[in-house]
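Here are the chains, one letter per residue:
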Amino acid sequence: VFQKWVNREISNFDYLIQLNTMAGRTYNDLAQYPVFPWVLRDYTSEELDLNNPAVFRDLSKPIGVVNEKNAKTVKEKYENFEDPLGMIDKFHYGTHYSNAAGVMHYLIRVEPFTTLHIQLQSGRFDCADRQFHSIPATWQALMDNPNDVKELIPEFFYFPEFLENQNGFNLGQLQISKEVVNDVVLPKWAHSPEDFIYKHRKALESEYVSAHLHEWIDLIFGYKQRGPAAVEALNVFYYCTYEGAVDLDALTDEKERKALEGMINNFGQTPCQL
């Protein structure tokens, strides 16, 4: 697969899907859903210029520190963390770039994810201000908040329907602006959900992303996923998210085991290291 990708015989999209599959990710498990990168950083221009490197996200950095401002906070959190019981290793992020709630967050307008979201929120929609209502606003929130580290899902590159409220769900209205949450607000350069998907996919397959995608792959699937390289890259997550960090079979207390399983499922999981 790697050779095929290097020879440009398969697209970046296909390569990412195959890596996700090899690392145990699947559409059949929300806790192990395929993970894709944010590839752009320009959601405000009238036109999207894919020949300009400045419109792309820095793929060599975890999303939590793409904004240089956040790096200091993230570093300090890691350095100052101490678990009095000595069980929990230091970490940069207490949340994860891929988890079930995040998948439902993005796909809330389409079934079965709508129903799953409602179940997660104890029978109703979460408050409107926490809904996925705008792509530019979601990116801005990521840049402002080092605790929000959601990457994307594959649907952002092929499935325009998830950006439209075709089922007419009542998702509430934003507190301050009173704006009703309906279809997802798109970047200015996208004239429709289809246009967004077309341009976003083009961005994923662009020359810039083809040249830098391996840097992101190192963080998510490769050698910068754990160990000293992960520490240096500001890429260490809560210990529970790593494969093999917890031996569930060794837990004899059924309650404790259930609690830990729940935590792993809700928290997010780091893919198997390839």
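Predicted, not measured: the structure shown is a model, and the values here were computed from it.

A few points about the nonpolar core
- Counting 73 residues, the largest nonpolar core has Leu40, Ile135, Phe156, Leu163 and Phe196 as the members making the most contacts within it.
- If you list the elements that add at least two residues to this core, you get α2 (12–22), α3 (68–80), α4 (100–106), α6 (135–144), α7 (193–204), α8 (207–220) and α10 (254–267).
- The leading source of residues in this core is α8, at 6 residues.
- If we skip the residues at most four places from it in the chain, Phe156 touches Tyr106, Phe132, Ile135, Phe162, Phe196, Ile197 and His200.
- Among the nonpolar cores identified, the runner-up in size contains 6 residues, and Ala128, Leu171, Leu174 and Val181 belong to it.

Notes on the UniProt feature "domain: BEACH" (unreviewed entry) in the chain
- Mapped onto the present numbering, the UniProt feature "domain: BEACH" (unreviewed entry) falls at residues 1–274.
- From the first C-alpha to the last, residues 1–274 spans 13 Å; its make-up is 36% helix and 0% strand.

Notes on helix α5 (residues 113–120)
- All buried positions along α5 are accounted for by Phe113, Thr114 and His117. Burial along α5 is one-sided: seen end-on, the buried residues are contained in an arc of 105°.
- Those residues of α5 that are buried are in contact with α4.

What to know about the packing of aromatic side chains
- Taken as a whole and judged by the stated rule, the model has 28 aromatic pairs.
- Between Tyr27 and Tyr33, the aromatic rings sit 5.3 Å apart at their centres with planes inclined by 85°, giving edge-to-face as the arrangement.
- Here the aromatic rings of Tyr106 and Phe156 are separated by 4.9 Å at their centres, their planes lie at 85°, and the arrangement is edge-to-face. Note that Tyr106 is positioned in helix α4 and Phe156 in the loop between α6 and α7, a separation of 50 residues in sequence. Here Tyr106 matches Phe156 in class, with each residue buried.
- One Lys or Arg, Arg201, reaches over the ring of Phe13 and ends 4.3 Å from the middle of that ring.

Rules used throughout
Residues numbered from 1 in each chain as written. Predicted model: local features only at pLDDT ≥ 70, side-chain atom pairs only at ≥ 80, totals over all residues. Heavy atoms only, no water. Core = buried A, V, L, I, M, F, W, Y, C linked by side-chain atoms within 4.5 Å. Buried < 20%, exposed > 50% of the residue type's maximum accessible area, 1.4 Å probe, protein only. Helix = DSSP H or I, 4+ residues; strand = E, 2+ residues; numbered from the N terminus. Contact = heavy atoms within 4.5 Å. UniProt positions renumbered as here; feature names shortened; annotations may be inferred. Arc of directions from axis to C-beta. Phe/Tyr/Trp six-rings, centres within 6.5 Å; stacked < 30°, edge-to-face > 60°. Lys NZ or Arg CZ within 6 Å of the ring centre and 35° of its normal.

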